[in-house]
Amino acid sequence: LARISALAVRDAVFVDNRSKLGHNGGAHVCLRGHVSGSSFTNCVFAGNVSEGGKSALSGALVFNSTWDPKGWCEVVNCTFSNNVNQAKDAAAGLTVPRGQVRAVGCVFAGSVGADISVASKDSVVVVKGCSFDRSDSEAFSSPVGEIRRE
């Protein structure tokens, strides 16, 4: 969606979308490049499907700050429900290949695949006041990056 500048999205609904292997995502919002300062507020990501394969760039919402590993995004009061990701190294909900994301007051429920995935050693997701319908070990996938609760 965005490649060279920050994006501010409010009250948007991304429902029942599909993507095939190699097309980067489900819902899908994929931010790549100079995207630091982007935000999503009061958005809904529901029933989206990323089909098969192995792609760290798939899921309902992908933040990939390729130009700046310290690039950041805020996700506030958003709902991620019943999203599916068949890729083995990405989340059904929020995937962060590179960058910093702060998720505040979000709801994650009914995902097939992890709710949040961090795919590089430079990446961090901070979770504050979010609710999950399962344990952190099932909801989070972080082979090399960091996911932490505040």
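Up top is the structure.
Owing to the predicted nature of the structure, the values given are computational and were not obtained by experimental measurement. (Residues numbered from 1 in each chain as written. Predicted model: local features only at pLDDT ≥ 70, side-chain atom pairs only at ≥ 80, totals over all residues. Heavy atoms only, no water.)

Chemist: Hey, could you run me through the pattern of salt bridges in this one?
Modeler: As a working rule, side chains carrying opposite charge can pair if their charged atoms are close by. With the rule as written, the count across this model stands at five salt bridges. Ionic pairing is found between Arg149 and Asp136, a salt bridge with its closest N-O pair at 2.7 Å. Of this pair, Arg149 sits in strand 19 (residues 146–149) while Asp136 sits in helix 1 (residues 136–139), placing them 13 residues apart in sequence. (Salt bridge = Lys/Arg side-chain N within 4 Å of Asp/Glu carboxyl O. Helix = DSSP H or I, 4+ residues; strand = E, 2+ residues; numbered from the N terminus.)

Chemist: So what exactly am I meant to see when it comes to the sheet that holds strand 18 (residues 140–141) here?
Modeler: In any sheet, the strands associate via hydrogen bonds between backbone groups, in a parallel or an antiparallel arrangement. Strand order in this open sheet of five strands is 4-8-12-15-18, and the pairing throughout is parallel. The open sheet is flanked by strand 4 (29–32) and strand 18, the only strands paired with a single partner. Pairing between strand 8 (residues 61–64) and strand 12 (residues 94–98): three bridges, direction parallel. Looking at the pairing, Leu61 lines up with Leu94 of strand 12. (Pairing = 2+ DSSP bridges.)

Chemist: Would you mind going over the pairing of strand 5 (residues 38–41) with me for this structure?
Modeler: Along any regular strand the residues' side chains alternate between the sheet's two faces. Because side chains alternate across strand 5, one face comprises the buried residues Ser38 and Phe40, and the other comprises Ser39 and Thr41, equally buried. Looking at chain direction, strand 1 (residues 8–10) and strand 5 are connected through three bridges and run parallel. Bridge pairing links Val9 to Phe40 in strand 5. (Buried < 20%, exposed > 50% of the residue type's maximum accessible area, 1.4 Å probe, protein only.)

Chemist: Got a minute to help me understand the environment of Asp11 in this structure?
Modeler: By secondary structure assignment, the location of Asp11 is in the loop between strand 1 and strand 2 (13–15). For Asp11, a relative accessible area of 54% corresponds to the exposed category. It is 8.3 Å that separates the C-alpha atoms of Asp11 and Phe40, two residues lying 29 residues apart in sequence. Among all residues touching Asp11, those that are not within four sequence positions of it are Thr41, Asn42 and Cys43. (Contact = heavy atoms within 4.5 Å.)

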